[in-house]
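Topology and contacts: notes
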Amino acid sequence: MNKIATKGRNFLLLGQCLPCTKQNAAKVRVRRMVLDTNINMYFREDKMFYVHDPNKICKSGDIVLIKELEKKLTTLITHSVEEIVFPLGDVTDPITNKKCVVGKYRDQIEEANQLYGKKETAFDYEKAPPRGKLEGKQDFSHGITYLKYHESEEEQPFGIQ
């Protein structure tokens, strides 16, 4: 019983993808709240995991579910990507699975527009393209990242420090 409980402790984790320079891997930040018993307060603690992602389905900013591997692939890669829970962009309420805008659901905004009339300048979410339309223009999360060793006058959109 005790072995099963300790084995399943880090079985599935929820984290956010970060830019990574490793091949076939993604870097995921998992946030936890840790209790400080001296002052009886919780503090945020971040832990980084390198996860196996051979198809490169993760992009920077995505919220993903990762699963612990039975056997480590390398000394760094200990987990694999199970699924993308929330892609970066549209905010989805995890309880109701409805799309949100600031503090309201999109359904509520549409109802208010039907009751009071829609402004001509209002943003139309149904016509908005999904994430990926601006790849190469404003969205640089799809590119291969590399480490910047020095600053230069050249634009380096894929460089990380």
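Small disclaimer: the values here were computed from a predicted structure and weren't measured.

**Observations concerning the pattern of salt bridges**
Going through the model one piece at a time under the given rule, you end up with four salt bridges. For R44, the salt bridge goes to D46, with nearest N and O atoms at 3.9 Å. Judged by relative accessible area, which is 35%, D46 ranks as partly exposed. Between K98 and D107 there is a salt bridge; the shortest N-O distance is 3.9 Å. Here D107 falls in the partly exposed class, since its relative accessible area comes to 37%. A single salt-bridge network, built from bridges that share partners, covers R31, R44 and D46.

**Some words on the state of the cysteines**
Counting across every chain of the model gives zero disulfides. No disulfide involves C17; its sulfur sits 3.7 Å from the nearest other cysteine sulfur, which is in C58.

**What to know about the side chain of R106**
Mapped onto the elements, R106 comes out in helix α2 (residues 106-116). On the accessibility criterion, R106 (15% relative accessible area) is buried. Residues within four places of R106 in sequence aside, it is in contact with D90, K99, V101 and Y125.

**Comments concerning the sheet that holds strand β7 (residues 99-101)**
If you walk across this open sheet you meet the three strands as β6-β7-β8, and the pairing is antiparallel. Two strands lie at the open edges of the sheet, namely β6 (91-92) and β8 (104-105), each paired on one side alone. Here β6 runs beside β7; their pairing, made up of two bridges, is antiparallel. Bridging from a neighbouring strand, V91 pairs with C100 of β7.

**A look at the sheet that holds strand β5 (residues 77-86)**
Taken together, five strands build a closed barrel; the order of strands is β1-β2-β3-β5-β4 and the barrel is mixed. Strand-to-strand twist across the sheet, computed as the mean angle between neighbouring axes with direction ignored, equals 50 degrees.

**Regarding the pairing of strand β2 (residues 25-36)**
As defined by bridge partners, strand β1 (residues 12-18) adjoins β2 across three bridges and the pair is classed as antiparallel. Residue pairing across strands places L18 opposite K27, the latter belonging to β2. Linking two consecutive strands that pair antiparallel, namely β1 and β2, is a turn of six residues; a positive phi of about 55 degrees is found at N24 within it. By the bridge criterion, 12 bridges tie β2 to strand β3 (residues 41-52) in an arrangement that is antiparallel. Among the inter-strand pairings, M33 is bridged to a residue of β3, identified as R44. As consecutive antiparallel partners, β2 and β3 are separated by four residues, and within that stretch N40 has a phi angle of approximately 60 degrees, a positive value.

**A few points about the confidence of the model for the chain**
With 80% of its residues at a pLDDT of 70 or more, the chain has an overall mean of 82. Taken element by element, the predicted model of the chain shows its lowest mean pLDDT in helix α1 (residues 2-7) (46) and its highest in β3 (94). Below pLDDT 50 for its whole length, residues 1-6 participates in zero contacts with residues either more than four positions away or in separate chains.

**Things to note about the side chain of D53**
For D53, the position within the fold is in the loop between β3 and β4 (63-68). Other than its neighbours up to four places away in sequence, D53 contacts N24, A25, A26, C58 and V81.

**Remarks on a nonpolar patch on the surface**
Judged by side-chain polarity, M33, L35 and Y42 come together as a nonpolar surface patch covering roughly 330 Å² of accessible area. Turning to its location among the elements, M33 is positioned in strand β2. Classification of M33 as exposed rests on a relative accessible area of 55%.

What counts, and at which threshold
Residues numbered from 1 in each chain as written. Predicted model: local features only at pLDDT ≥ 70, side-chain atom pairs only at ≥ 80, totals over all residues. Heavy atoms only, no water. Salt bridge = Lys/Arg side-chain N within 4 Å of Asp/Glu carboxyl O. Buried < 20%, exposed > 50% of the residue type's maximum accessible area, 1.4 Å probe, protein only. Disulfide = S-S within 2.5 Å. Helix = DSSP H or I, 4+ residues; strand = E, 2+ residues; numbered from the N terminus. Contact = heavy atoms within 4.5 Å. Pairing = 2+ DSSP bridges. Axes fitted to C-alpha atoms, helices over the stretch in contact; angles between N-to-C directions. pLDDT = per-residue confidence, 0-100. Patch = residues over 30% accessible without salt bridge, like charges linked within 9 Å, V, L, I, M, F, W, Y side chains within 5 Å. Areas by Shrake-Rupley, 256 points an atom, 1.4 Å probe, with all protein chains shown as cover.

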